[in-house]
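Each chain, written out:
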Amino acid sequence: MHLTARPPFSFPAVVHSHGWRQLHPFAWDDQNERLTYLLELPTGRVTRLTFSAAADGLEVQVEPQLTQGEMEYAVRAARWIFGLDLDLQPFYTLARQEPKLAHVPETARGRVLRSATLFEDVVKTILTTNTQWGGTKRMVRGLVENFGAPLDGDTTSRAFPSPARLAELSREQIEAAVKLGYRTPYVLELARRVASGELELEALKDAGLPTDELRKELLRIKGVGGYAAANLLMILGHYDAIPIDSWAHKLVSQEFYGGEPVTPAQIEAVFAPWGEYKGLAYWFWQWETA
DNA sequence: GGTAGACCTGGACGC
DNA sequence: GCGTCCAGGTCTACC
């Protein structure tokens, strides 16, 4: 299957936009430059999507064979995962005027790799908080391996667990399988709210809400604070928020404040001139010390 | 609105 | 091998 992207587009730029390619059920094959992803379909079946670069977009290998309805769902998911329809031209126009960002339009950066569902990305983001990257990878892997639906005939390949699957578990069942620490009730509560229909998370993808309202919605989720909300806003294509974590403090301190400790307000001030694109400006800044 | 302390885990470190 | 300390954001209680 071939999918075209709004130009300019770079397959490796999306894959390497952040660490998501290292989280199950993504798997990055560095040697062959292919990204695989296990996707659970609305029918309950699981498909393996293998993405590689094409001249004007993506080449996608789909297995096993899908029905027409399943294929349409897989195409929509693939377009979302890679942000194939995003228009970043206004940001590129600004970036060309800043030496630290000139590489962005030249290399077609700016898109951020995302999971098929917002539910999956919210859970993954919660699992990045208050832990190191190794811990995040361990926790996500544990959820997928223990609770994800398997590919037909291959129980070693599993999709990310659906809200319904997690919602039917008890806290004790999750704790026995994977140590999420104090995050267990957060993940469980989110899964139950989404599975029950109380929280229509996927509708936020194209709700057309202004950033402030979207941010408020995200902050209502237990376990999502300022950093996590900003990270999720980036994933949702709202770039006027900076995910300020300890790494951001370090980078901005060394680059702009001579190594002196900085406050979140100072970090915001540095990127304020980028307005609605300050999140992207921060994310793709060519740091001296990174 | 701002702040202190608790939350949980893995890893680093000292003994 | 064991105990202690620390890093990493968010929540809750309190002021």
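Everything that follows concerns the structure shown earlier in this document.
I will try to describe carefully the structure that is included in this document. (Residues numbered from 1 in each chain as written. Chains lettered and ligands numbered in written order. Predicted model: local features only at pLDDT ≥ 70, side-chain atom pairs only at ≥ 80, totals over all residues. Heavy atoms only, no water.)

## A closer look at the overall build of chain A
The number of helices and strands found in chain A is 14 helices and 7 strands. Compactness check: chain A gives a C-alpha radius of gyration of 19 Å against a globular reference of 19 Å for 290 residues, within 12% of the reference. Overall size of chain A, expressed as C-alpha extent along the three principal axes, is 55 × 45 × 35 Å. The buried share among the 290 residues of chain A stands at 50%. For chain A, contacts bridging at least 24 residues in sequence account for 63% of all contacts bridging at least 6. For chain A, the exposed area adds up to about 13,400 Å²; of that, 48% sits on carbon and sulfur atoms. (Helix = DSSP H or I, 4+ residues; strand = E, 2+ residues; numbered from the N terminus. Rg over C-alpha atoms; globule rule 2.2 N^0.38 Å. Buried < 20%, exposed > 50% of the residue type's maximum accessible area, 1.4 Å probe, protein only. Contact = heavy atoms within 4.5 Å. Areas by Shrake-Rupley, 256 points an atom, 1.4 Å probe, with all protein chains shown as cover.)

## Remarks on the packing of helix α5 (residues 118–126) against helix α11 (residues 226–235)
Direction vectors running N to C along α5 and α11 enclose 145°, while the axes themselves pass 10 Å from each other. Judged by the sense of rotation from one axis to the other, the crossing of α5 with α11 is right-handed. Within the contact between the two elements, α5 uses Leu 118, Asp 121, Val 122 and Thr 125 and α11 uses Ala 228, Asn 231, Leu 232 and Ile 235. In the contact of α5 with α11, the residues fall into 5 nonpolar, 2 polar and 1 charged. (Axes fitted to C-alpha atoms, helices over the stretch in contact; angles between N-to-C directions. Left-handed = near helix turned anticlockwise from the far one by under 90°. Nonpolar A, V, L, I, M, F, W, Y, C, P; charged D, E, K, R; others polar.)

## So, the protein's contact with DNA strand C
Around DNA strand C lies a shell of 15 residues, among which Asn 130, Gly 223, Gly 225, Ala 228 and Asp 245 are the nearest. Put simply, 61% of the atoms of DNA strand C that lie within 4 Å of the protein are in sugar or phosphate. For DNA strand C, a phosphate oxygen lies 3.1 Å from a polar atom in the backbone of Tyr 227. When grouped by side-chain class, the residues that make up the surface near DNA strand C number 6 nonpolar, 7 polar and 2 charged. (Near = heavy atom within 4 Å. Polar contact = N/O pair within 3.5 Å; in protein donor to acceptor, adjacent residues only side chain to side chain.)

## Considering the protein's contact with DNA strand B
In the vicinity of DNA strand B, the contacting residues are Arg 138, Lys 179, Gly 181 and Tyr 182. Counting only atoms of DNA strand B within 4 Å of the protein, the fraction found in sugar and phosphate groups is 100%. The residue makeup of the surface near DNA strand B, split by class, is 1 nonpolar, 1 polar and 2 charged.

## A word on the packing of aromatic side chains
A full pass over the atoms with the stated rule returns 18 aromatic pairs. For the ring pair Tyr 282 and Trp 283, a centre distance of 6.5 Å and an interplane angle of 70° mean the geometry is edge-to-face. Note on Trp 283: relative accessible area 25%, which makes it partly exposed. One aromatic cluster in this structure is built from Phe 256, Phe 271, Tyr 282, Trp 283, Trp 285 and Trp 287. In this structure, Arg 114 packs its charged tip against the face of Trp 80, placed 3.5 Å from the ring centre. Directly above the ring of Trp 80 sits Lys 205, whose terminal nitrogen or CZ lies 4.7 Å from the centroid. (Phe/Tyr/Trp six-rings, centres within 6.5 Å; stacked < 30°, edge-to-face > 60°. Lys NZ or Arg CZ within 6 Å of the ring centre and 35° of its normal.)

## Notes on the sheet that holds strand β3 (residues 34–40)
Strand order in the open sheet formed by 5 strands is β1-β5-β4-β3-β2, with antiparallel pairing between adjacent strands. One side of each edge strand has no neighbouring strand; the edge strands of this open sheet are β1 (2–4) and β2 (26–29). This sheet shows a mean twist of 25° between the axes of neighbouring strands, independent of strand direction. Bridging between β2 and β3 involves 4 bridges; their strand directions are antiparallel. Following the sheet pairing, Ala 27 is matched in β3 by Thr 36. Running over the sheet, helix α2 (residues 68–82) touches β1, β2, β3, β4 (46–54) and β5 (57–63) and is turned about 130° from β3. (Pairing = 2+ DSSP bridges.)

## Side note on the pattern of salt bridges
Under the defined criterion, the tally for this structure stands at 15 salt bridges. A salt bridge links Glu 63 to Arg 48; the shortest N-O distance between them is 3.1 Å. Of the two residues, Glu 63 is situated in strand β5 and Arg 48 in strand β4; the sequence distance between them amounts to 15 residues. One salt bridge in this structure joins Glu 217 and Arg 220, with 2.6 Å as the shortest N-O distance. Arg 220 sits in the exposed class, given a relative accessible area of 52%. Here the residues in one salt-bridge network are Arg 48, Glu 63 and Asp 154, joined through shared partners. (Salt bridge = Lys/Arg side-chain N within 4 Å of Asp/Glu carboxyl O.)

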